[in-house]
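Observations on the model geometry
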Amino acid sequence: MVSRVRVWLNRTYAENVFFMDQLRRNPSDRAVDIHATHGDADSPVLAAADTADLEPEGLSPAGYVEYALDQCRRRGIDVFVPRLHQAAIVAHRADFAAAGTALLAPPPEAVAVFHDKVIAYEAVQAIGVPVPPWRRVRTADELVAAVDELEADGHRACFKPASGAGGVGFRVITRAPFSLSQLSGFPTPYVQLDLVVEALKQAEEQVDWLVMPRLEQPEVSVDCLTGPDNRIRLSIGRTKNGRRRGFTLQEQWLEPARRIAEGFGLHYLSNIQFRMFGDVPVLMDVNTRPAGGLHQLSLCGVNAPWAAVQLALGEDPGEIVPPFLGQDYAIVSGPRQLRAVSFPQQRVEETEPLPAAVPAPVDSVEVSQAAQALPL
């Protein structure tokens, strides 16, 4: 009898409720138990999991590693998909292996390269992957000089943190004065240069930003599955152009993504993003974790989360070619159940005696999901 697989996702994105759904609906018909932890009791991933814990706040990276090892031992975790404190966790891969847990994450060297976007851009440029022009800035004077240089070349300047993920901190520079037009409609990423300069002058600490041209659409996110042998098993591009989403297998996107994933050992699931700089696709960002939109590959008949778990368990799924490319689609939101307001008791685990079963969730939250587009 094949044993059930226990998978843990820590403080992950709400969209990964769909990642969890795909693990349970795996083509191997393997029983999967999912453990989730989060700092927010209202995260929908906690309600979607079989067992869940609230994470302690304020732990250092080293303290979090100890917490994670304890979770793996007590919960009997087979595969751990770390997002929070990924760098610290992968540095202790041997300790997790000794606890019987495989890490679904790249080695520490690969995580370190792509933690800092400057190091990442220099590294991928060295292997022949095009990147946009960029300047690292820490002061108001450096920001103005970088913006002046880009605008003199006919570009619109934007900036983002040198480290970070999910588009947090991304802003587009404008020289238009602040007016009521900025207070009508929905908020935008545009910020006035003079306001940013003043904020930098008033700040007590330096920032660490990259200033670069605003890149054009389409945006293509290539989801890759790479084995510990540095060989790609899966690469599919997800395209975004305004509201319209789709899929691509064009080599102008897939070839540089495979070169990065294999060349830097981005084992298991990674997401490599490109946009256009003029007529050239250039690297925008590299995520050393599963993308929030990974589940959208199900529209191509692919279950990437399960293939990754198989790899982590030493069960090679082989090369995965999508049987078809799904039609274009849009992203809409829908309700997802939450746990009760007071963090509930949980289902009994075989590895640890726990209280009675989880009460039925009653609240809900909206979570974005892919939907097939109507014909235009």
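Quick look at the structure, then. As a convention, each chain's residues are numbered from 1 in the sequence order in which they are written. Two thresholds apply to this predicted model, a pLDDT of at least 70 for residue-level local features and 80 or more for giving and counting side-chain atom pairs, whereas whole-chain, interface and lining totals are computed over all residues. As a rule here, side-chain values come from all non-hydrogen atoms in the structure, and water together with hydrogens is ignored.

The mixed open sheet is built from five strands, whose spatial order is 6-10-7-8-9. Each edge of the open sheet carries a strand with a single partner, namely strand 6 (135-137) and strand 9 (190-192). This sheet shows a mean twist of 35 degrees between the axes of neighbouring strands, independent of strand direction. Bridge count between strand 6 and strand 10 (residues 209-213): three bridges; the pairing is antiparallel. Strands pair, by our definition, only if DSSP identifies at least two bridges between them. Per the convention used, a helix needs a DSSP run of H or I reaching at least four residues, while a strand needs a run of E reaching at least two, with both numbered from the N terminus. To define axes, lines are fitted to C-alpha atoms, for helices over the stretch in contact only, and angles between the resulting N-to-C directions are given on a 0 to 180 degree scale.

We now examine the environment of Glu109. Within the element layout of this structure, Glu109 appears in helix 6 (residues 108-115). Think of it in three bands: residues with accessible area under 20% of the maximum for their type are buried, residues over 50% are exposed, and the middle band is partly exposed, with areas taken using a 1.4 Å probe on protein chains only. Among the residues examined, Glu109 registers a relative accessible area of 56% and is labelled exposed. Along the sequence, Glu109 and Tyr67 sit 42 residues apart, while their C-alpha atoms lie 23 Å from each other.

Cis geometry is adopted by the peptide bond preceding Pro218, which originates at Gln217 and carries an omega value of 10 degrees. Looking at the secondary structure, you find Pro218 in strand 11 (residues 216-226). Here Asn230, not a glycine, exhibits a phi torsion of approximately 65 degrees, which is positive. In this structure, Asn230 sits in the loop between strand 11 and strand 12 (232-241).

Glancing now at the side chain of Lys117. Here Lys117 shows up in helix 7 (residues 117-126). Setting aside residues no more than four positions away along its own chain, Lys117 makes contact with Lys160, Pro161, Ala162, Ser163, Gly164, Leu210 and Asp285. When checking whether two residues touch, look at their non-hydrogen atoms; a contact exists if any pair is within 4.5 Å.

By definition, a salt bridge exists where a carboxyl oxygen of Asp or Glu is found within 4 Å of a side-chain nitrogen of Lys or Arg. Inspection of the entire model under this criterion finds 26 salt bridges. Taking the shortest distance from any N to any O, the salt bridge between Glu151 and Arg175 comes out at 2.6 Å. Of this pair, Glu151 sits in helix 8 (residues 140-152) while Arg175 is found in the loop between strand 8 (171-174) and strand 9, placing the two residues 24 residues apart along the sequence. A relative accessible area of 47% places Arg175 in the partly exposed class. The salt bridge partner of Arg275 is Glu219, with a shortest N-O separation of 3.1 Å. Taken together, the positions of Arg275 in strand 14 (residues 268-277) and Glu219 in strand 11 put the pair 56 residues apart, joining distant regions of the chain. Judged by its relative accessible area of 15%, Arg275 is buried. Linked by salt bridges that have partners in common, Asp116, Arg136, Arg138 and Asp208 make up one network.

Moving on: the nonpolar core. In terms of nonpolar packing, the biggest core is built from 40 residues, with Val7 and Leu104 touching the most fellow members. Counting residues per element, the ones that place at least two in this core are strand 1 (5-10), helix 1 (17-24), strand 2 (32-38), helix 2 (44-48), strand 4 (79-81), strand 12, strand 14 and helix 11 (304-312). No other element matches the seven residues that helix 11 contributes to this core. Ala110, Ala120, Ala261 and Val286 belong to the second largest nonpolar core, which has 32 residues in total. The nonpolar core is taken to be a set of buried Ala, Val, Leu, Ile, Met, Phe, Trp, Tyr and Cys residues, with the residues joined through side-chain atoms within 4.5 Å.

Two numbers describe how helix 6 lies on helix 7: the axes approach to 5 Å, and their chain directions differ by 105 degrees. Relative to helix 7, the element helix 6 is oriented roughly perpendicular. For the pair formed by helix 6 and helix 7, the contact residues are Val113, Phe114 and His115 on the first element and Lys117, Ile119, Ala120, Ala123 and Val124 on the second. Each residue gets one of three labels, nonpolar for Ala, Val, Leu, Ile, Met, Phe, Trp, Tyr, Cys and Pro, charged for Asp, Glu, Lys and Arg, and polar for the others, Gly among them. Broken down by class, the residue content of the contact of helix 6 with helix 7 amounts to six nonpolar, one polar and one charged. Geometric relationships in this document are graded by angle, where less than 35 degrees denotes roughly parallel, more than 145 denotes roughly antiparallel, 65 to 115 denotes roughly perpendicular, and other angles denote oblique.

The next subject is the layout of surface pockets. Using a 1 Å grid laid over the protein atoms alone, points where a 1.4 Å probe fits but cannot get out form a cavity; open sets with protein on both sides within 12 Å along at least 5 of 7 lines form a pocket; any residue with an atom within 4 Å of a point counts as lining. Grid points are joined across faces, edges and corners, and a volume is the space filled by probe spheres set on the points. In this structure, the largest pocket spans a volume of roughly 1200 Å³. Around the largest pocket, the lining comprises 44 residues; the ones closest to its centre are Gly166, Gly167, Glu219, Lys240 and Gln273. Those elements giving two or more residues to the lining of the largest pocket turn out to be strand 7 (157-161), strand 10, strand 11, strand 12, strand 14, strand 15 (280-287), strand 16 (329-338) and strand 17 (363-372). By residue number, the principal contributor to the lining of the largest pocket is strand 11, which donates four residues. Broken down by class, the residue content of the lining of the largest pocket amounts to 15 nonpolar, 18 polar and eleven charged. In this model, the second largest pocket occupies a volume close to 440 Å³. Along the walls of the second largest pocket sit 21 residues, with Arg83, Gln86, His115, Ala165 and Thr288 positioned nearest its centre. At the level of elements, helix 4 (86-90), helix 6 and strand 15 are the ones that each hand at least two residues to the lining of the second largest pocket. It is helix 6 that provides the largest number of residues to the lining of the second largest pocket, a total of four residues. For the lining of the second largest pocket, the class distribution of residues is ten nonpolar, seven polar and four charged.

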